[in-house]
Amino acid sequence: MKIDLIVGARPNYMKAAPIYRELMKYSDKFECRLVHTGQHYDEKMSDIFFRELELPKPHIYLGVGSGRHGEQTGKIMIAYEKAIFDNKPDLVLVAGDVNSTTACSLVAVKLHIKVGHIEGGLRSRDWNMPEEVNRIVTDNISDYLFTTCRDADENLLKEGIAKEKIHFVGNTMIDSLYYYLPKVDKRPIHAQLGVERGNYVLITLHRPSNVDQDEIFKGLFDTIEKIQERISVVFPMHPRTRKMLDEFGMGKYLKLPNIKITEPLGYHDFMKLQKDAKLVLTDSGGLQEETTVLGVPCLTLRKNTERPVTVWIGTNELVGPYPDKILERTLAILDGEQIKGKIPEYWDGHAAERIVGILSHELH
Ligand code: UD1
């Protein structure tokens, strides 16, 4: 059984790594090719993750790089179809909601190859998000939908997706978290940044809705300026965010006294920083889930989330891109308000085992 496991952008690597490891255990049964589209391509957004997550060099590298959505998606489709045309896999496994996910699924379905979607069924109901379009398109052309939570199953059923295709398996991103957490403890990242464990706010921002409009972006940075007057801030900056800071002439924010702005960090350092943060402010999807498992309070700077379980039972709270609300909730937590949550069902480090178990059973 030949499986292509697709990765393309930063959030894919930690979702795919446990699956790769698990498939390798059954190499008598599965032949797995790791395919990297090259949507993210440099040391900080890609190479370091391959090393730290112990992924091999990709068997197929498409090298598509950045571009507008249509261009990037189209380039991936052209390159992937060419790469597999004479040596087709039996199944293409994609993860998450990035352009690489949808592009490779489309190629597969048109070549009558089965598609498995890891992290199927999540919905923000916000069609302005490119990721929501990717999620809906990918889910509708997938044969296997591996979900991280029960509400994702409900979303898929309501959209008319057949029950037999849906498999609630848990969260492979959390498999990676449990696997690597014990290994990151000795990393000296706090000393390197000059921050004290448990006494800083960790921030990440990169969603187009937050960083592509100068009014919203400036509002967020004015709020961060106020927060760093109270507590140290660590801000590993996504390349998109860095680019927009330059474009909007917002360089003054890079010089605030109590904020450490770094390049994007590797997985190990970032996990360590996340685990020991007093509070996380983010617009990322993955961080909402990781903070819930780590029990760290998280304020999500978005109006909606495709991962509501992190709000219902985890430590996440939606505050939108609204400066007053962000500041009010941040100060309340810094002043001692306790945020307690529980870990969602099946976020237990064994999701990849369940996925590979299902594939073993279903694919002959
Ligand atoms: C993509 C995903 C998003 C995910 C995010 C995580 C889509 C639609 N979006 O958004 O869901 O949360 O990745 O990072 O797929 N760049 C670099 N180095 C790199 C990669 C990118 O400098 O290795 C620059 C690009 O040149 C571009 C910017 O970062 O200017 C954005 O990259 P892009 O792939 O367009 O999307 P992301 O915003 O990263």
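All of these numbers come straight from a predicted model, not from anything done at the bench. (Residues numbered from 1 in each chain as written. Predicted model: local features only at pLDDT ≥ 70, side-chain atom pairs only at ≥ 80, totals over all residues. Heavy atoms only, no water.)

1. Some points on the domain arrangement of the chain
Then step 1. Domain assignment breaks the chain into domain 1 (2-171 + 347-363) and domain 2 (182-334).
Then step 2. Computed from C-alpha atoms alone, the centre-to-centre distance between domain 1 and domain 2 is 27 Å.
Then step 3. Contacts between domain 1 and domain 2 engage 22 residues on the former and 22 residues on the latter.
Then step 4. In this structure, Glu-263 engages Lys-44 in a salt bridge whose closest nitrogen and oxygen atoms are separated by 3.5 Å.
Then step 5. Between domain 1 and domain 2 we count six residue pairs in polar contact (both at pLDDT 80 or more) in total.
Then step 6. Looking at the side of domain 1 that touches domain 2, the elements with two or more residues in it are helix H1 (10-25), helix H2 (43-52) and helix H5 (130-140). (Domains from an automatic or database assignment. Contact = heavy atoms within 4.5 Å. Salt bridge = Lys/Arg side-chain N within 4 Å of Asp/Glu carboxyl O. Polar contact = N/O pair within 3.5 Å; in protein donor to acceptor, adjacent residues only side chain to side chain. Helix = DSSP H or I, 4+ residues; strand = E, 2+ residues; numbered from the N terminus.)

2. Thoughts on the pattern of salt bridges
Then step 1. For the structure shown, the criterion picks out 30 salt bridges.
Then step 2. When the shortest N-O distance is used, the salt bridge between Arg-329 and Glu-337 registers 2.8 Å.
Then step 3. By relative accessible area, which is 11% here, Arg-329 ends up buried.
Then step 4. The exposure class assigned to Glu-337 is partly exposed, which follows from its relative accessible area of 35%.
Then step 5. What emerges from the salt-bridge pattern is a single network uniting Lys-15, Asp-97, Glu-119, Glu-132, Arg-135, Glu-289, Arg-302, Glu-306 and Arg-307. (Buried < 20%, exposed > 50% of the residue type's maximum accessible area, 1.4 Å probe, protein only.)

3. Let's talk about the pairing of strand E4 (residues 91-95)
Then step 1. Within E4, five of the five residues are buried, which leaves it mostly tucked inside the rest of the structure.
Then step 2. Examined bridge by bridge, strand E1 (residues 2-7) and E4 share three bridges and lie parallel to one another. When the sheet's bridge partners are listed, Leu-5 is paired in E4 with Leu-93.
Then step 3. Here five bridges tie E4 to strand E5 (residues 114-120), and the two strands are oriented parallel to one another. What sits directly across from Val-94, in E5, is His-117.
Then step 4. Regarding topology, helix H4 (residues 99-110) serves as the crossover connection from E4 to the parallel E5, and that connection is right-handed. (Pairing = 2+ DSSP bridges. Right-handed = clockwise from strand over helix to strand, strands pointing away.)

4. Structural notes on the site of the ligand
Then step 1. Taken together, 22 residues lie around the ligand, and His-40, Asp-42, Ser-66, Asn-99 and Arg-240 are the ones closest in.
Then step 2. A distance of 2.8 Å separates an oxygen atom of the ligand from a polar atom in the backbone of Asn-99.
Then step 3. Residue Glu-131 places a side-chain N or O atom 2.8 Å away from an oxygen atom belonging to the ligand.
Then step 4. Here the residues of the shell around the ligand are counted per class, giving six nonpolar, nine polar and seven charged.
Then step 5. Looking at which domains feed residues into the shell around the ligand, each of domain 1 (2-171 + 347-363) and domain 2 (182-334) supplies at least three. (Near = heavy atom within 4 Å. Nonpolar A, V, L, I, M, F, W, Y, C, P; charged D, E, K, R; others polar.)

5. Examining the pairing of strand E10 (residues 259-262)
Then step 1. In this structure, strand E9 (residues 232-236) lies alongside E10, joined through four bridges in parallel fashion. Within E10, the residue paired with Val-233 across the bridge is Ile-259.
Then step 2. Between the parallel pair E9 and E10, the chain is carried across by helix H11 (residues 239-247), and the sense of this crossover is right-handed.

6. A short note on the sheet that holds strand E6 (residues 144-147)
Strands pair in a sheet through their backbones, by hydrogen bonds, and they do so in one of two ways: parallel or antiparallel.
Then step 1. Pairing in this open sheet of seven strands is parallel, and the strands run E3-E2-E1-E4-E5-E6-E7 from one edge to the other. On the outer flanks of this sheet lie strand E3 (60-61) and strand E7 (166-168), each paired with one strand and no other.
Then step 2. Contacting E1, E4 and E5, H4 crosses the sheet at an angle of about 165 degrees to E4.
Then step 3. Packed onto the sheet, H5 meets E4, E5 and E6 and runs at close to 140 degrees relative to E5. (Axes fitted to C-alpha atoms, helices over the stretch in contact; angles between N-to-C directions.)

7. A look at the environment of Glu-22
Then step 1. Relative to the helices and strands, Glu-22 resides in helix H1.
Then step 2. Apart from residues no more than four positions distant in its own chain, Glu-22 is found in contact with Ala-352, Glu-353 and Val-356.
Then step 3. Looking at Glu-22, its side chain comes within polar contact range of the side chain of Lys-25, at 3.0 Å.

8. Considerations on the environment of Tyr-267
Then step 1. Tracing the chain through its elements places Tyr-267 in helix H12 (residues 267-275).
Then step 2. Classification of Tyr-267 by relative accessible area gives buried; the value is 1%.
Then step 3. Separated by 262 residues in the primary sequence, Tyr-267 and Leu-5 place their C-alpha atoms 20 Å from one another.
Then step 4. Once you skip the residues sitting within four places of it in the chain, Tyr-267 turns out to touch Met-14, Phe-49, Glu-52, Leu-53, Met-173, Ser-176, Leu-177, Tyr-180 and Glu-290.
Then step 5. At 3.3 Å, the side chain of Tyr-267 forms a polar contact with the backbone nitrogen of Leu-177.

9. Section: the sheet that holds strand E8 (residues 200-204)
Then step 1. With parallel pairing, the six strands of this open sheet are ordered in space as E10-E9-E8-E11-E12-E13. Each edge of the open sheet is held by one strand with a lone partner, namely E10 and strand E13 (316-318). Sheet twist, expressed as the average angle between the axes of neighbouring strands with direction ignored, equals 20 degrees.
Then step 2. Pairing of E8 with E9 involves three bridges; the strand directions are parallel. Each bridged residue has a counterpart across the sheet, and for Tyr-200 the counterpart in E9 is Ser-232.
Then step 3. Of the strands in this sheet, E8, E9 and strand E11 (279-282) are in contact with H12, which crosses E8 at around 130 degrees.

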